[in-house]
Amino acid sequence: CLIALFAPLIAPYDPNKQVLTDRLMKPCGQHWFGTDDLGRDIFTRLLYGSRYSILLGVASTAGALIIGIFIGSISGYFGGQVDNIIMRILDVIQSMPSMLFAIIISAVLGAGFVQTIVALSVASIPGMARMMRANILSVRDMEYIEAAKSIKCKNARIIMKHVIPNALSPMIVTTANQISSNILMATGLSYIGLGVQPPTPEWGAMLT
């Protein structure tokens, strides 16, 4: 994260500057990791690429977390038929591997940075929603929830003020793991041409 933040200060070259006379150089004192087929410094592009890869992972996970918390809270708190309908829809989505689902969404939306974030977010929602639902189920029957219901608190207030804050702690580990998974999926999408497009120095696009 520090390297991504201070990439302009650390990087010795412009990440998109092409020097065709220096193309495909081996690692040396001038170019630590060598150069690519357009003469661009690979070390510099790796530094700048960390920005895009980390941002893709964090942004897509944040989007999935917000929507997953909303869906999981409704499903876990109300239960019954509402829970059954939501869970069956998530079952259908989760019957496909996350990467395949992300590929389908990317193919529909087209390649690009924002489109990749959307594809990764949608593919990550079911896992987030299921985790939140499980946390809600362990919280909704607690005494303070019963007390809130007894004084006629509205369901929306109970969910926002009492249920969600007390069910969020286990989501921290899930969120951290999902960020790393989404970085890998974003790299895979870029590698097959459905993610971030050249000349943006994203790691998957560089691997291509």
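The sections below set out a description of the structure shown in this document. Everything numeric here is computed off the predicted structure, so don't read it as measured data.

## A word on the overall build of the protein chain
Argument step 1. The number of helices and strands found in the protein chain is ten helices and zero strands.
Argument step 2. Mapped from its N terminus to its C terminus, the protein chain presents α and β elements in the order α-α-α-α-α-α-α-α-α-α.
Argument step 3. The principal-axis extent of the C-alpha atoms belonging to the protein chain is close to 75 × 35 × 20 Å.
Argument step 4. Among the 208 residues that make up the protein chain, the fraction classed as buried is 39%.
Argument step 5. Long-range pairs, those at least 24 residues apart, make up 68% of the contacts in the protein chain between residues at least 6 apart in sequence.
Argument step 6. Total accessible area on the protein chain stands at roughly 11,300 Å², and carbon and sulfur atoms take up 68% of it.
Argument step 7. Between the centroid of the 15 positive side chains of the protein chain and the centroid of its 11 negative side chains there is a distance of 7 Å.

## Some words on helix α3 (residues 42-78)
The α-helix winds at 3.6 residues per turn, so residues separated by three or four positions along the chain end up facing the same way.
Argument step 1. The end-to-end C-alpha separation of α3 is 53 Å, in line with the 54 Å expected for 37 residues at 1.5 Å each.
Argument step 2. Taken as a whole, α3 carries its principal kink of about 25° at tyrosine 48.
Argument step 3. Glycine 79, located one to two residues past α3, shows a positive phi value of around 60°.

Calculation rules
- Residues take numbers from 1 onward in each chain, read along the sequence in its written order.
- Under the rules for a predicted model, residues below a pLDDT of 70 receive no local features and side-chain atom pairs below 80 are neither given nor counted, while totals for whole chains, interfaces and linings still include all residues.
- Side-chain measures here rest on the full set of heavy atoms in the structure, leaving out hydrogens and waters.
- Strands are runs of DSSP state E lasting at least two residues, helices are runs of H or I lasting at least four, and both sets are numbered from the N terminus onward.
- A 1.4 Å probe rolled over the protein chains alone gives each residue an accessible area, and that area as a share of the maximum for its type sets the label: buried under 20%, exposed over 50%, partly exposed in between.
- We call two residues in contact whenever any of their non-hydrogen atoms come within 4.5 Å of each other.
- With residues, only the protein chains shown are counted as cover, and all accessible areas are computed by Shrake-Rupley using a 1.4 Å probe.
- Note on charges: Lys and Arg go in the positive column, Asp and Glu in the negative column, and His and the chain ends are not counted at all.
- Charge positions are represented by NZ for Lys, CZ for Arg, CG for Asp and CD for Glu.
- By this rule the span expected of a helix is its residue count minus one, scaled by 1.5 Å.
- The reported bend at a residue is simply the angle between two axes, fitted to the 7 residues ending at it and to the 7 residues beginning with it.

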